[in-house]
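Residues per chain are reported as follows:
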Amino acid sequence: MCMIKRTSILKSILVLVLASSAFSQRPGNIDKFNGKVSGNVYDAEYREPISYANIVLYKHEDNSQVTGTITDPNGFFQLTNIRPGIYFVEISFMGYQTHKIENIEITPAEQEFHAGNISLEPIVLQVEGTEIIAERPAITYEIDKKVINVARQTTSVSGSAVDVLENVPSVDVDIEGNVSLRGSENFTVLIDGRPTILDPSDALQQIPASTIENIEIITNPSARYDPEGISGIINVIIKKKTMRGISGIANMNAGLNDKYGGNFLISSRRGISNMFLSANYRKYAFPGTQTVENITSANDTASYVFSDGQSMRNWNPYGLRAGIDLELGLMDRMSLAGEYGQRKMKHSSDLNYDEWTEPGDSHNLYLSTDDGKFSHNFYSLIFDYVHQFVSKDHNISAQAQYSHRDKEQFSTTELTNTTGTITSGTRSSEDGPSMLGQLKLDYTLPLPENSKFGAGYQGRIQRSEDIARTYEYDTISSSYEFMDEFSHTTDYTRDIHALYSMFSGIYRAFGYQGGLRSEYTYRLIEMIGDDERFTIDRWDFFPSGHLSYKFPKGQQIMASYTRRIHRPRSWWLEPFLTWSDAYNVRRGNPNLKPEYIDSYELGFQTFLGKSLLSTELYYRLTHNYVERIQSLYSENVILHTVENAGTERTMGIEVMLDLKFVAWWNLNFTSNFYQQIIEGELDNRYFSEKDFSWSARFSNELEILSATKLQINGRYRSPALSVQGQREGYFTVDAALKQEFLGKKLSLTLQARDIFSTRKHEYTSEGEDFYYYRYSTGKSPIVMLSLNYNFNNYKQKRRSDDGTEPDFEGMEDL
């Protein structure tokens, strides 16, 4: 019955599409008349193009609708095949006033009308004498991505990009800051569209929330993007707008439990140059508690290790960014930028241990002290060049980037008995440099009928060295002795060269995009001194396709398919043992295969009055699925490794509802429901695991007064299964109160995160000969106070009495 209903729905949609297509055709010589109406639509405040705005053409004489379309990603629209007559056009988009252009006359002598630059103003409402200006939508949808307006995330203004992502659709963040996109921690992070040498979680922790303009969630990227990552791409767009003269922003924040930080961005536009300089510094401490149970069994004996105590994590990142943008005439633009930063992290714990065996009745009580330090210095140099040809959107661009990182990691674990004597200890270090070089060439050629062709080359060259050293405490000499068998030096080489081509366009209300990407990968892992080499030398192909249809009243349906790849991380491939602490050791798998992903999506958006409803169905098939596996290494010691476990299928639906009850209250609700099925073979045994998980979040925004706003956010994450264990669910609530002063130049925000202290990390893993349980939570609520100041010497020109548009001078992006 369910299949019959789905078939009937698909048939109905097909009939409607064919009927609308047929109805739009006109016989005879009418189609031969090529009257055109075109224009460019911009955001009046930010001077950015508005894509997917509704364009509807009406007859002047009877107000009947003639045709319609939507704007492309550059805000451009064009209506064609218009008969002679007098018309008017209405341009609309959610959160903006509808713009109307009257008296458009098409004649045989004047067949084209260009409306020029059209600015859409935010909706202004009057409530009991108070003027309220509507903000940009929290989320906007484009053919291949969701764009998150970070300015609406008040509860995370003092945090990092990770804190912002806690309130973003498709994304989950656990208590330890681990980010997952649609249930997978394997995704790619881009900063301003560029890859970073840092690991995804490190890169996101490095970026202050107050410096972010937008975040793009690209779950099905086109062929133009690097296909790396199971669940897609998170692209962080950094603020870098500049106005004529000098302008900037400055932020300071401080909170309970040794948390404070600040950042600034200053920019200057003079003549042909735009320059910017920004810096950030943060020092955050996260105290917490943890409980661990570890049970292993061998030779009819069960060994028990229970521990609990206090833990502390300290984050201390800082960074400096600078750049210049030069306009070299009307057709050429060049940019130079650089970034330097350091990320430091310290972790420590003091845990009380109780160890015993069964059979047996004696307990061994002792204290475990763990201290670890992690830091890396990094820098990046970026060069961009764009040449614009005479015709619109016809351009060629080149980008070169060099990044370097020096990593240092050191940890010590010591076990002390009740008399204060060290009974055992382990010290380990891991350091080494990494280098990433990237070259991109992109070419875009506009074609007739609102279509485009694009092609390009992308090359990535990576080199890194990993030096691991292990020392063990000798109770006789009371010193740490070097352990040669657990110390290694590994060199990594990975080169990727890619070619891609794309074709995209808009026909009436239809949008389409198709592409193919081919990649050559060479990877070499060398164990220095062991004469071991592990090599990959292959070609891969990644097709992509996107379709969209926009109905006249704002509804939109989108479908897409992409093929992606997830290449193993470097430590997943290390074929040697590395001790994490006295009870955990890890070993990589150099024969690990990359995961290949086929990803399908179908989405629909519609307006319910002033509210927006979005639904998105997705299906993801992962081949060579990688699972983290635990097993017994020795008594009380768990071995952690990775294996290609088989095939994983994820089927789910995301729902987003943006409700506008009244002008001063906005409620945003998002949820993600998905089922995961993993089938494969481990230890020569077939397994099949099925799990249903879901998450939900809501965001209440209330405008108490014209300069006072209150935001309350809540999130729930359900339990989730893995091949060997289960992660428990949790619920948490955040709140923020924002007060603006001096005409919104100055703002003060009070935040409270995890108000009811309900956020936790609880995980269980078990196999035939081991059981592992861990529970941890942080000290909460986390209370922060943030101060933000905006300054500039630019005053926007208003629309003149004759209706002409304001000057765009001084509003370009860097």
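Residues numbered from 1 in each chain as written. Predicted model: local features only at pLDDT ≥ 70, side-chain atom pairs only at ≥ 80, totals over all residues. Heavy atoms only, no water.

What follows concerns the overall build of the protein chain. A count of helical and extended segments in the protein chain gives three helices and 46 strands. Going through the 814 residues of the protein chain one by one, you find that 51% of them count as buried. Here the analysis covers contacts within the protein chain between residues at least 6 apart in sequence; of these, 65% occur between residues at least 24 apart. Accessible area of the protein chain: about 37300 Å², with a carbon and sulfur share of 56%. (Helix = DSSP H or I, 4+ residues; strand = E, 2+ residues; numbered from the N terminus. Buried < 20%, exposed > 50% of the residue type's maximum accessible area, 1.4 Å probe, protein only. Contact = heavy atoms within 4.5 Å. Areas by Shrake-Rupley, 256 points an atom, 1.4 Å probe, with all protein chains shown as cover.)

Judged by how many residues are buried, strand 2 (residues 54–59) sits mostly within the fold: five of six residues are covered. The pairing of strand 2 with strand 3 (residues 65–70) spans five bridges and is antiparallel. For I55, the partnering residue across the bridge sits in strand 3 and is T69. Once strand 2 ends, the chain turns through five residues before running back antiparallel as strand 3, passing N63 with a positive phi of about 60°. Taken together, the six bridges between strand 2 and strand 5 (residues 85–92) define a ladder with antiparallel strand orientation. The residue of strand 5 that forms the bridge with I55 is I91. (Pairing = 2+ DSSP bridges.)

Per the stated rule, a full pass over the model turns up 19 salt bridges. E102 is the salt-bridge partner of K100, the closest N and O atoms lying 3.2 Å from each other. Looking at E102, the relative accessible area reads 38%, which means it is partly exposed. Salt-bridge contacts for E430 lead to K407; the nearest nitrogen and oxygen are separated by 4.0 Å. Of this pair, E430 sits in strand 25 (residues 422–447) while K407 sits in strand 24 (residues 395–417), placing them 23 residues apart in sequence. (Salt bridge = Lys/Arg side-chain N within 4 Å of Asp/Glu carboxyl O.)

In this section: a nonpolar patch on the surface. On the surface, M252, I704, L705, L737, F741, L742, L748, L750, L785, L787 and Y789 cluster together into a nonpolar patch covering about 1000 Å² of accessible area. Those elements that provide at least two residues to the nonpolar patch are strand 38 (685–705), strand 42 (730–741), strand 43 (746–753) and strand 46 (782–792). Considering every element that reaches the nonpolar patch, the biggest residue donor is strand 46, with three residues. With respect to the helices, strands and loops of the structure, L787 is situated in strand 46. Assessed through its relative accessible area of 31%, L787 is described here as partly exposed. (Patch = residues over 30% accessible without salt bridge, like charges linked within 9 Å, V, L, I, M, F, W, Y side chains within 5 Å.)

Here we come to unusual backbone geometry. Cis geometry is adopted by the peptide bond preceding P359, which originates at E358 and carries an omega value of 5°. Counting through the fold element by element, P359 comes out in the loop between strand 22 (332–358) and strand 23 (364–388). Non-glycine residue D300 carries a positive phi angle of around 65°. On the secondary structure map, D300 appears in the loop between strand 20 (273–298) and strand 21 (301–327). Residue classification places D300 among the exposed residues on the basis of a relative accessible area of 79%. Despite not being glycine, S757 has its phi angle at roughly 55°, a positive value. When its relative accessible area of 40% is taken as the criterion, S757 is described as partly exposed.

Right, let's talk about the side chain of T416 for a bit. Along the chain, T416 turns up in strand 24. Apart from the residues lying within four places of it in its own chain, the contact partners of T416 are Y366, L367, T421, I422 and T423.

The subject of this paragraph is the nonpolar core. By size, the foremost hydrophobic cluster in this structure holds 26 residues, and its most contacted members are L165, V171, V179, L204, I215, I217 and I234. When residues of this core are assigned to their parent elements, the largest contribution, four residues, is made by helix 2 (residues 161–165). Once you skip the residues sitting within four places of it in the chain, V171 turns out to touch L165, V179, S180, L181, I217, I234 and R697. With 18 residues, the next largest nonpolar core counts V41, I50, V89 and Y96 among its residues. (Core = buried A, V, L, I, M, F, W, Y, C linked by side-chain atoms within 4.5 Å.)

What follows covers the sheet that holds strand 1 (residues 35–43). With mixed pairing, three strands are arranged side by side in an open sheet as 4-1-7. Across the chains shown, the open sheet's two edge strands, defined by having one partner strand only, are strand 4 (76–82) and strand 7 (112–120). Within the sheet, the average angular offset between the axes of one strand and its neighbour, ignoring direction, is 15°. As judged from the seven bridges shared by strand 1 and strand 7, these two strands associate in the parallel manner. Among the inter-strand pairings, Y42 is bridged to a residue of strand 7, identified as S119. (Axes fitted to C-alpha atoms, helices over the stretch in contact; angles between N-to-C directions.)

The next subject is the sheet that holds strand 5. Taken in spatial order, the four strands line up as 3-2-5-6 in an open sheet, and their pairing is antiparallel. The outermost strands of the open sheet, each flanked by one partner alone, are strand 3 and strand 6 (99–106). With direction set aside, neighbouring strand axes in the sheet form an average angle of 20°.

Turning our attention to the pairing of strand 25. Two strands pair when backbone bridges link them, and strand 24 and strand 25 are joined in this way by 22 bridges, in the antiparallel orientation. Paired with H404 across the two strands is M435, which belongs to strand 25. Turn length for the strand 24-strand 25 hairpin, with the two strands adjacent in sequence and antiparallel, is four residues, and the turn residue G420 shows positive phi of about 90°. In the sheet, strand 25 pairs with strand 26 (residues 451–474) via 20 bridges, with the strands oriented antiparallel. From the neighbouring strand, Q438 faces strand 26, where its bridge partner is R460. Hairpin connection of strand 25 to strand 26: three residues between the antiparallel strands, including E449 at a positive phi of 60°.

Let us now look at the packing of aromatic side chains. Evaluation of the coordinates by the stated rule reveals 18 aromatic pairs. Considering the side-chain rings of Y304 and W356, the 5.1 Å spacing of their centres and the 5° angle between planes classify their relative orientation as stacked. Linking Y304 in strand 21 with W356 in strand 22, this pair joins segments that are 52 residues apart in sequence. Considered together, Y304 and W356 belong to a single accessibility category, that of buried residues. A ring pair is formed by Y353 and Y366, whose centres lie 5.2 Å apart and whose planes are at 10°; its orientation type is stacked. Here the residue Y353 occupies a position in strand 22, and Y366 occupies one in strand 23, the gap between them amounting to 13 residues. Y366 matches Y353 in its accessibility class, with the two residues each being buried. Across the ring face of F286, the terminal group of K259 is positioned such that the distance to the ring centre comes to 5.1 Å. Against the face of Y284 rests R282, its NZ or CZ located 5.3 Å from the ring centre. (Phe/Tyr/Trp six-rings, centres within 6.5 Å; stacked < 30°, edge-to-face > 60°. Lys NZ or Arg CZ within 6 Å of the ring centre and 35° of its normal.)

A residue-level look at the protein chain finds 86% of positions with pLDDT of 70 or above and a mean pLDDT of 82. Segment residues 1–31: pLDDT under 50, and nine contacts once partners within four positions in sequence are set aside and those in other chains are kept. When the criterion is pLDDT under 50, residues 793–814 qualifies, and its contacts beyond four places in sequence or with other chains add up to 49 contacts. (pLDDT = per-residue confidence, 0-100.)

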